[in-house]
Amino acid sequence: MDNFGEPVIGANVIEKGTTNGTITDFDGNYSISVPQGATLQVSYIGYLTKEVTVGTQRMINITLIEDTQTLDEVVVVGYGTMKKSDVTGSISVTSAEDILQGQTFNALEGLRGKAAGVTIMSNSGQPGGTQRVLIRGMSSINTSSDPLYIVDGVAMESMQYLNPNDIERIEVLKDASSAAIYGARGANSVIMVTTKRGLKGEGVSVSYNGSVSLSHVARYMDLMDAAEWQEAFMIGIKNFNKWYADPASSDLAMHYKSEKMSDWFTDPRLFNSDGSAKYDTDWQKEATRTAISHSHQINIQQGRQNSSVGAFLNFTDQQGVMLNTHMKRLNAKLAYDAKPTKYLSTAINLLVNHTWANEAEEGGGAQYPRRTMIEMVPWLPVTLDGEYTSAYTPTNDLGLEGMANPVHVLKTQERTRYRTQIFGNAAFTFHLMEGLDLKTQLGIDANLNQNKFLLRTI
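Just so you know, these numbers come straight off a predicted model, no measurement behind them.

The rules behind the values
- Residues numbered from 1 in each chain as written.
- Predicted model: local features only at pLDDT ≥ 70, side-chain atom pairs only at ≥ 80, totals over all residues.
- Heavy atoms only, no water.
- Buried < 20%, exposed > 50% of the residue type's maximum accessible area, 1.4 Å probe, protein only.
- Helix = DSSP H or I, 4+ residues; strand = E, 2+ residues; numbered from the N terminus.
- Pairing = 2+ DSSP bridges.
- pLDDT = per-residue confidence, 0-100.
- Contact = heavy atoms within 4.5 Å.
- Axes fitted to C-alpha atoms, helices over the stretch in contact; angles between N-to-C directions.
- Phe/Tyr/Trp six-rings, centres within 6.5 Å; stacked < 30°, edge-to-face > 60°.
- Salt bridge = Lys/Arg side-chain N within 4 Å of Asp/Glu carboxyl O.

### Notes on the pairing of strand 1 (residues 12-15)
Every second residue of strand 1 is oriented toward a common face, with Asn12 and Ile14 on one face and Val13 and Glu15 on the other, all of them buried. As judged from the three bridges shared by strand 1 and strand 2 (residues 21-23), these two strands associate in the antiparallel manner. Bridge pairing in strand 2 places Ile14 opposite Gly21. Where strand 1 folds back onto strand 2 in an antiparallel hairpin, the turn is made up of five residues, including Gly17, whose phi is positive at roughly 85 degrees.

### A look at the confidence of the model for the chain
Residues at a pLDDT of 70 or more form 81% of the chain, whose mean pLDDT is 80. Taken element by element, the chain is modelled with least confidence in strand 22 (residues 453-457), mean pLDDT 36, and with most confidence in helix 6 (residues 283-287), mean pLDDT 95. Every residue in residues 437-458 scores below 50 in pLDDT, and together they form 31 contacts with partners more than four places removed in sequence or on other chains.

### Here we look at the sheet that holds strand 3 (residues 39-43)
Adjacent strands of a sheet form backbone hydrogen bonds with each other and so pair up, either parallel or antiparallel. Spatially, the four strands line up as an open sheet ordered 2-1-3-4, and their pairing is antiparallel. Taken across any chain shown, the strands that pair with only one partner, and hence form the sheet edges, are strand 2 and strand 4 (50-53). Along the sheet, successive strands turn relative to each other by an average axial angle of 20 degrees, direction set aside. By the bridge criterion, four bridges tie strand 1 to strand 3 in an arrangement that is antiparallel.

### Describing the sheet that holds strand 13 (residues 190-195)
Judged by pairing direction, the sheet is mixed, and its five strands sit side by side in the order 7-12-13-10-11 without closing on themselves. Two strands bound the open sheet, and with one partner strand each, they are strand 7 (91-95) and strand 11 (154-156). Put simply, the sheet's adjacent strands are angled 20 degrees from each other on average, direction ignored. Relative to strand 13, strand 10 (residues 148-151) runs parallel, the two sharing four bridges. Paired with Tyr149 across the strands is Ile191, a residue of strand 13.

### Structural notes on the packing of aromatic side chains
Given two aromatic rings, one states the distance between the centres and the angle between the planes to describe the pair. Using the criterion set out here, one finds ten aromatic pairs in the structure. Aromatic side chains Phe265 and Trp379 sit 6.2 Å apart centroid to centroid with 75 degrees between the ring planes, which places their arrangement in the edge-to-face category. Separated by 114 residues along the polypeptide, Phe265 in the loop between helix 5 (261-264) and helix 6 and Trp379 in the loop between helix 7 (369-375) and strand 19 (383-384) bring together distant segments of the chain. The same class applies to Phe265 as to Trp379, namely buried. Through pairs of rings, three or more aromatic residues link up here, namely Trp229, Phe233, Trp264, Phe265, Phe271 and Trp379.

### A closer look at the environment of Ala287
The residue Ala287 is located in helix 6 in this model. Of the residues examined, Ala287 reaches a relative accessible area of 0% and is grouped as buried. In this structure, the C-alpha to C-alpha distance between Ala287 and Asn405, residues 118 residues apart in sequence, is 9.4 Å.

### Some remarks on the pattern of salt bridges
A complete count under the given rule lists nine salt bridges for this structure. Here Glu375 makes a salt bridge to Arg371, at a shortest N to O gap of 2.9 Å. Placement of both Glu375 and Arg371 in helix 7 is noted, with a separation of four residues, approximately one turn of the helix. Residue classification places Glu375 among the partly exposed residues on the basis of a relative accessible area of 41%. Put simply, Asp267, Arg269 and Asp385 are held in one network by salt bridges that share partners.

Okay, here's the thing in structure tokens:
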């Protein structure tokens, strides 16, 4: 609640130092699971962020205090920059530090849990997989609910491959003002991205930022091992003999099946003399791995009295938990700003993005590894006699469905996708009223800094 006792709707409640978070509901209530001793960070636009250490209590009531100083903060809107106190719409602002806090490889993943009313879901487990964004819920079941992305003034369909290290801040326009500015394209709200540029002031800055992360499967499915599989198979044979064999038949042998395991599992490469399996393969663990990912960013920024330049280079290698899956990204960005005269400002921005990724098929059915790693029989080894096995390996007929070896498919099949994205813009701002005393000449009390004519070419 706030200092007037009213519930705060949509406040961010985050476990400090993690991405574990939630938002308050219509009544200001929230629910989150954190370990004892953790610190909760509660924040909302226009209020001071409050931190509370969790002890043994199960219920924590938190009161937020208004932050009047943030009303003077400058935010980016569709038609320029304004003070928060002058903006009547609903805007969520996320800084670069917040986005990179979780060492994310995707800018939208870094935004998750940082903006009230913004729900971000992953539709894929692939490295560099797509994200679904819902702002203030779903507005239609028939049309797209994706927001409009504006990157440095340029409209884009997605910011999936944008380098999060290049981002200075993200503003989310969540109300009708976004549609008023951008028309039908902004009907599902607008996510505005401002990227980094050169230094403000004179000087040169060279910086490096790198990160390494490990990923692994959180939990494997509990499947039958080799002995359990054979036991279930023999129970099926006994049930067949009991319920389907015809005792009245003159040729009982045509219907009756042997109940000795050694009569069924006879391949000496795979089974012992009593029919027990020589191998016990956990296909889920064979087809997955602990993935090591890393990212490297170099920033070179220079500032002078009337100009600034920034050059940014990034390489990201995001490995997937499925064997041989990855997403590699190379980003290069150049930003130049200058004010050659007091009447003219110029800005040039150029970004090149190249990605290449090897993906594991995620569709249902067929012989895709995501299915076969669960259904492959456990008594088959990954390789036999120097070759990859498959469900056709046994010489006897066990009635098995033909199935590809998931390790074989993942290691030998290449599903590489290459994407190259180039975008840029140039802006020329003419300060036609610069230096004129409008109050004296026209008798109008005006703010000269806000009376500018903007000409932008893209």
